[in-house]
Amino acid sequence: LYELKAVMIGKLIREQRQTIEELWERTDASEKEKASFDRYFHVNDEDKLTDELLAKHEEYAGALTAKLEKMQPILERIERRDSIIEERVALDMLQKDPDRLKGRNASKQLMKEEKMMRRVQKELPKITQHLEKKLKEWYVTNKPSQTDDDDVRDEDLGHFMYKGHPYLRTMKTQEHEWVTRKER
């Protein structure tokens, strides 16, 4: 019976580890964040695969799931903003084509461009402003405490990370690149 329990505990822990890895991917966890769970994550000795270790894995997976749920509305806004940014670039390319309105479907093309222009001019500033507010709130809630003994500061700690970079910085970079591009 104990052997069966040990085998099942090992299987359950491996399943939790797989879940944790998926959640790390979805929450864009930093190496530092992953390393904070290393002492539990890399235990492979069959004698050390215990109920307590399983409980630690379940607790950590629960915390990551809660974090992902908090992140989800921001992630949806980021995806929407990124699609409008892509649309802005596509619109810019369209408007540079002098032959676009010479064909049969010139009126349809013009209507399409007008819709794109409306989304870019109205939605993008609203979404950007909303995201800036939410990302600043995220930082206030998640910034590291000032009482840490670490002399080395990771400037990205506490920021909302998206694809490995603080998204607030990404937004500023995107806008700077756009302004620079339009000035050419």
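Shown above is the structure to which this text applies.
Computed from a predicted structure; not experimentally measured.

Cut-off values and rules
Residues numbered from 1 in each chain as written. Predicted model: local features only at pLDDT ≥ 70, side-chain atom pairs only at ≥ 80, totals over all residues. Heavy atoms only, no water. Helix = DSSP H or I, 4+ residues; strand = E, 2+ residues; numbered from the N terminus. Contact = heavy atoms within 4.5 Å. Core = buried A, V, L, I, M, F, W, Y, C linked by side-chain atoms within 4.5 Å. Buried < 20%, exposed > 50% of the residue type's maximum accessible area, 1.4 Å probe, protein only. Phe/Tyr/Trp six-rings, centres within 6.5 Å; stacked < 30°, edge-to-face > 60°. Lys NZ or Arg CZ within 6 Å of the ring centre and 35° of its normal.

### Considering the side chain of Glu 113
Now for step 1: In this structure, Glu 113 sits in helix α5 (residues 106-142).
Now for step 2: Those residues in contact with Glu 113, other than ones at most four positions away along the chain, are Leu 91, Leu 94, Gln 95 and Arg 100.

### A look at the nonpolar core
Now for step 1: Of all hydrophobic cores here, the largest spans 34 residues; its most connected members are Ile 20, Trp 24, Phe 160 and Tyr 167.
Now for step 2: Broken down by secondary-structure element, the contributors of at least two residues to this core are α1 (2-27), α3 (38-41), α4 (51-95), α5 and α6 (167-183).
Now for step 3: In contact with Phe 160, not counting residues within four places along its chain, are Met 71, Ile 74, Leu 75, Ile 78, Leu 135, Trp 138, His 165, Pro 166 and Tyr 167.

### Details of the packing of aromatic side chains
Now for step 1: One pass over the structure, following the stated rule, counts 7 aromatic pairs.
Now for step 2: Geometrically, the ring pair formed by Phe 37 and Tyr 60 is stacked, given 4.1 Å between the ring centres and 5 degrees between the ring planes. A residue pair is termed long-range when its members are at least 10 positions apart, and Phe 37 in the loop between α2 (31-35) and α3 and Tyr 60 in helix α4 qualify at 23 residues. In this structure, Phe 37 and Tyr 60 share a single accessibility class: buried.
Now for step 3: Each ring, one from Tyr 162 and one from Tyr 167, has its centre 5.5 Å from the other, and the planes form 85 degrees; the classification is edge-to-face. Take Tyr 162 and Tyr 167: they sit in the same class, and that class is buried.
Now for step 4: Positioned above the aromatic ring of Phe 41 is the side chain of Arg 17, whose terminal nitrogen or guanidinium carbon lies 5.7 Å from the ring centre.

From the geometry alone we can't say anything about function, so treat these as descriptive.
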